[in-house]
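Chain by chain, the residues run as shown.
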Amino acid sequence: MPETAWIDALADRPVLDLAALFPERSGRLVVLAAHPDDETLGAGGLIASAAALGAAVDVVVATAGEASHPESPTHTSAELARIRRVELRNAVAQLAPEAVVHVLDLPDGGLAAARSELDTALAAIIGPAAANTVLAAPWRTDGHTDHDTAGLAAAALARTLGLPLLEYPIWLWHWGTPADLPSDLAVLPLADDAAAAKARAMATHVSQVEPLSAAPGDEALLSQEVLAHFERRFESFVLTRPRPPREVFEDLYLRSADPWEFESSFYEHRKRALSLAMLPRARFGSVFEPGCSIGVLTRELAVRADAVTATDISDRALDLARRRLAEAPHVTLAQGSVPQDWPEGRFDLVVVSEIGYFLQHRDLSELAARTEASLTDDGVVLLCHWRHPNDGWELTGDQVHEAFRARKGLRVLAEHREADFRIDVLTLASAVMDQQADPR
């Protein structure tokens, strides 16, 4: 598709208001790229413009781009990686001299297999102080496996943290037509300074814009025809403003009083019965159940406990739970999310059921740590989670269970696994559990 056709197709696109994303000339921009040069081609103008607005900038590049010339007779992959790291840092220095550059050194061409490492690293770089942060990443349907993986990782984290996400296409301009443009694509006009900085940055990626040598296999990868797509006086982004998880769940319960069919599904009845049957004691003094939803499991826990504390992120879900538990005065219901809103006291039983995969990696680690710290000397942890991928969230049920099982202070009492879900019962490694006599 010639560049002139793209220019015509993009002429009537809405304009992205960058100043609204960085009010009061502050904030932070984190740009994720799959390979060195992606950050410049797709978001170089954004980086320069955000820095000019006073935003702090982090550029995170997942791979060193070592597979750019797999048939090169003159450069090994290690040499290419070294060259491209230098080019990356020189390019970012042209765009935003104060920016911090992170190279994750994940495998070029194999990012999908390293998704967990990418998720963990990106979450750690953004950190707990995510307020006023804008995340930018490759468009998640760009058509290159590494780009798509980076985009999906960023989308999952942005959804979890409630961050604005800017997705930039790169390969779309090669394979697509105007009919393939996302309906919500907007353009960011580049001021003269930003456009000039981007041009200088593009030129620093010498290994991509010029041949490595005259030998076959060392050709320039970015021809002038390709570069024309990135020499525009604007850049293109899909802006997504994820809603906070609390709003998402409130809407879910407004649409249905039982969105997961806790009351009607045989699967849910069976899973709940198995979970309760695996508990090592008939009765517990104090129980904590975060993510109690509409209180179906809570009601069954209340039959076997002296006191139950149950929380949920959704006020609507808690209203439904209160109706269900109206005749159980020993149950305390409160709005909150874990690990942040952890109740005081110690518990004989903590139930973590179908909530762990809604967290991000660092919060999962804190959840496991707080759970362990809040147990009584012979306290028990009950874990139960769906094992299939949970679209839009970065964790799986298996990852949740393995995070708890990896803690040295906990040990496994009982476990059950099948295709759809798994259950683990854990206790403190130091606990001595009473052996109940066989009543026969």
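These lines cover the structure that appears in this document, whether it is placed above or below. (Residues numbered from 1 in each chain as written. Predicted model: local features only at pLDDT ≥ 70, side-chain atom pairs only at ≥ 80, totals over all residues. Heavy atoms only, no water.)

1. Topic: the pairing of strand β11 (residues 347-353)
The side chains of a regular strand alternate between both faces of the sheet. The element β11 is extensively covered by neighbouring structure, given that 7 of its 7 residues are classed as buried. The sheet contact formed by strand β8 (residues 284-290) and β11 spans 2 bridges and is parallel. Bridging from a neighbouring strand, Phe-288 pairs with Val-350 of β11. Across 6 bridges, β11 lies against strand β12 (residues 375-386) in parallel orientation. Within β12, the position partnered with Val-351 by the bridge is Leu-382. (Buried < 20%, exposed > 50% of the residue type's maximum accessible area, 1.4 Å probe, protein only. Helix = DSSP H or I, 4+ residues; strand = E, 2+ residues; numbered from the N terminus. Pairing = 2+ DSSP bridges.)

2. What to know about the packing of helix α5 (residues 115-126) against helix α6 (residues 145-161)
Look at α5 against α6: their axes get within 10 Å of each other, and the N-to-C directions meet at 45°. By the criterion of interaxial angle, the relationship of α5 to α6 is oblique. As for how α5 packs across α6, the hand of that crossing is right-handed. Where α5 approaches α6, its residues Arg-115, Leu-118, Asp-119, Leu-122, Ala-123 and Ile-126 are matched on the opposing element by Thr-149, Ala-150, Leu-152, Ala-153, Ala-154, Ala-156, Leu-157 and Leu-161. (Axes fitted to C-alpha atoms, helices over the stretch in contact; angles between N-to-C directions. Parallel < 35°, antiparallel > 145°, perpendicular 65-115°, else oblique. Left-handed = near helix turned anticlockwise from the far one by under 90°. Contact = heavy atoms within 4.5 Å.)

3. Re the side chain of Lys-198
Locating Lys-198 in the fold gives a position in helix α8 (residues 192-204). A relative accessible area of 3% means that Lys-198 is categorised as buried. Separated by 2.9 Å, the side chain of Lys-198 and the backbone oxygen of Leu-41 make a polar contact. Of note is the side chain of Lys-198, whose polar atom sits 2.7 Å from the side chain of Glu-235. (Polar contact = N/O pair within 3.5 Å; in protein donor to acceptor, adjacent residues only side chain to side chain.)

4. Structural notes on the sheet that holds β11
A sheet is described by the order of its strands in space; here 7 strands give the open sequence β10-β9-β8-β11-β12-β14-β13, paired in mixed fashion. Two strands bound the open sheet, and with one partner strand each, they are β10 (331-335) and β13 (410-417). Ignoring strand direction, the axes of neighbouring strands in this sheet form an average angle of 15°. In terms of strand pairing, β12 meets strand β14 (residues 421-428) through 7 bridges, oriented antiparallel. The residue of β14 that forms the bridge with Trp-386 is Phe-421.

5. Some points on the packing of aromatic side chains
Taken as a whole and judged by the stated rule, the model has 10 aromatic pairs. Pairing Phe-249 with Trp-260 gives two aromatic rings, centres 6.4 Å apart and planes at 40°, and the pair type is tilted. Of this pair, Phe-249 sits in helix α11 (residues 245-255) while Trp-260 is found in the loop between α11 and α12 (266-277), placing the two residues 11 residues apart along the sequence. A ring pair is formed by Tyr-357 and Phe-358, whose centres lie 5.1 Å apart and whose planes are at 80°; its orientation type is edge-to-face. Note on Tyr-357: relative accessible area 6%, which makes it buried. Clustering of aromatic rings is evident, with ring pairs tying together Phe-249, Tyr-253, Trp-260, Phe-262, Tyr-357 and Phe-358. (Phe/Tyr/Trp six-rings, centres within 6.5 Å; stacked < 30°, edge-to-face > 60°.)

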